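What follows is the residue order along each chain.
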Amino acid sequence: KDVKHYYYMGKDNLVFHALFWPGQLMAYDDALHLPDTVSVNMFLDFDGKKFSKSRGNIISIKDFVEHFGNDSTRFYLTYIMPEYRDTSFSWSDFEDKVNHILVANLGNFIHRTLSIAKKLDISELSLLSVDEDIKNTILNSFKASRSHLDASEFRKCLDEILALSSFGNKFIDKKQVWALRKDNPDEYQKAMKELLLIVVALAYLITPILPDASRRLFETLGLGLLESWPQQEDLIASFERDLNNISLRLTEPLFRQVDTSDLPKEFDGFK
């Protein structure tokens, strides 16, 4: 019930899917629920040249995912998604964006936080307060991400996720959290609670774009699989409940760097 229907298409199919197809559906059965939102993308090219199945200028998604993994594939295609203008895929850019943004920003923040938290007694964090700027940063990230998803602006949603993880990385560096454990244990615990709240928030936020990574992160945190996003008005309280149930398991980097210097034969036409 109350499910919105979205149509996603390239700009060359706009007239058919926005006019002719709905007309055909209405003629067939006027009780059918027509699309609520028609989302139109521009074109995705390969190094400035058009992909063409008839000419053999294609990259098999199956081969791509099998070689580079689902997370790297979904991340990069979302990052360069041609939502407002034509964009272009290139191997060098794919490697650069995955290694220097997905791995070095998002993955780095999560791995740093969980590595520092390995010896932490989570039960000691429940009564600690959280600064308002941390709460507001998380709340604003969710509000903006939800708005972008509703508007089919997946690239902007990803930008919000990366902004939150970048905020977390700067927080670690500014607080020098690794040194607080000995120098100021109370401040260390407070900082770790705030960092772990950001990690929990990111576990939810990445679900629509990086579902495999989200599942692994929830498993690493010892939490159950995500059923739905928490409501905005209960967001921080919900994350604090999650935090109280965290049981950290062995941590390893959530994402791996990619290397496009020696591609397999499946990509011979696109090296």
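For the structure, see preceding data.
Described in the following lines is the structure provided in the data block. (Residues numbered from 1 in each chain as written. Predicted model: local features only at pLDDT ≥ 70, side-chain atom pairs only at ≥ 80, totals over all residues. Heavy atoms only, no water.)

1. Section: the sheet that holds strand β3 (residues 44–46)
Right, on to step 1. Read from one edge to the other, the open sheet built from 3 strands follows the order β4-β3-β5, with strand pairing classed as mixed. Both edges of this open sheet fall to β4 (49–50) and β5 (87–89), since each of them pairs with a single strand only. (Pairing = 2+ DSSP bridges. Helix = DSSP H or I, 4+ residues; strand = E, 2+ residues; numbered from the N terminus.)

2. Digging into the pattern of salt bridges
Right, on to step 1. Under the defined criterion, the tally for this structure stands at 13 salt bridges.
Right, on to step 2. When the shortest N-O distance is used, the salt bridge between Lys-175 and Glu-187 registers 3.2 Å. One end of the pair, Lys-175, is in helix α6 (residues 154–175); the other, Glu-187, is in helix α8 (residues 185–205), with 12 residues separating them in the sequence.
Right, on to step 3. Within the structure, one salt-bridge network assembled from shared partners comprises Asp-93, Asp-96 and Lys-97. (Salt bridge = Lys/Arg side-chain N within 4 Å of Asp/Glu carboxyl O.)

3. Some details on the environment of Pro-264
Right, on to step 1. As for its position among the elements, Pro-264 is in the segment after α10 (235–244).
Right, on to step 2. Considered as a pair, Pro-264 and His-67 are 197 residues apart in the sequence and their alpha carbons are 8.6 Å apart.

4. Focus: the packing of helix α4 (residues 91–116) against α8
Right, on to step 1. In the contact formed by α4 and α8, the axes pass within 10 Å of each other and the chain directions differ by 140 degrees. As summarised for this structure, α4 and α8 are arranged oblique, according to the angle between their axes. Handedness of the crossing formed by α4 with α8: left-handed. Residue-level inspection shows Leu-106, Phe-109, Ile-110, Thr-113, Leu-114 and Ile-116 of α4 in contact with α8, the latter providing Tyr-188, Met-192, Leu-195, Leu-196, Ile-198, Val-199 and Leu-202. (Axes fitted to C-alpha atoms, helices over the stretch in contact; angles between N-to-C directions. Parallel < 35°, antiparallel > 145°, perpendicular 65-115°, else oblique. Left-handed = near helix turned anticlockwise from the far one by under 90°. Contact = heavy atoms within 4.5 Å.)

5. Remarks on the nonpolar core
Right, on to step 1. Counting residues in each nonpolar core, the largest one holds 73 residues, and the members touching the most others are Phe-75, Trp-91 and Leu-106.
Right, on to step 2. The element contributing the most residues to this core is α8, with 14 residues. (Core = buried A, V, L, I, M, F, W, Y, C linked by side-chain atoms within 4.5 Å. Buried < 20%, exposed > 50% of the residue type's maximum accessible area, 1.4 Å probe, protein only.)

6. Details of the packing of aromatic side chains
Right, on to step 1. A full pass over the atoms with the stated rule returns 16 aromatic pairs.
Right, on to step 2. Between the aromatic rings of Phe-46 and Phe-89, the centroid separation amounts to 5.7 Å while the plane-to-plane angle is 25 degrees, which identifies the pairing as stacked. Residue Phe-46 is found in strand β3, and its partner Phe-89 is found in strand β5; the two are separated by 43 residues along the sequence. The burial state of Phe-46 is the same as that of Phe-89; both residues are buried.
Right, on to step 3. Where Trp-91 meets Phe-94, the ring centres are 6.3 Å apart and the plane angle is 75 degrees; that geometry is what we call edge-to-face. (Phe/Tyr/Trp six-rings, centres within 6.5 Å; stacked < 30°, edge-to-face > 60°.)

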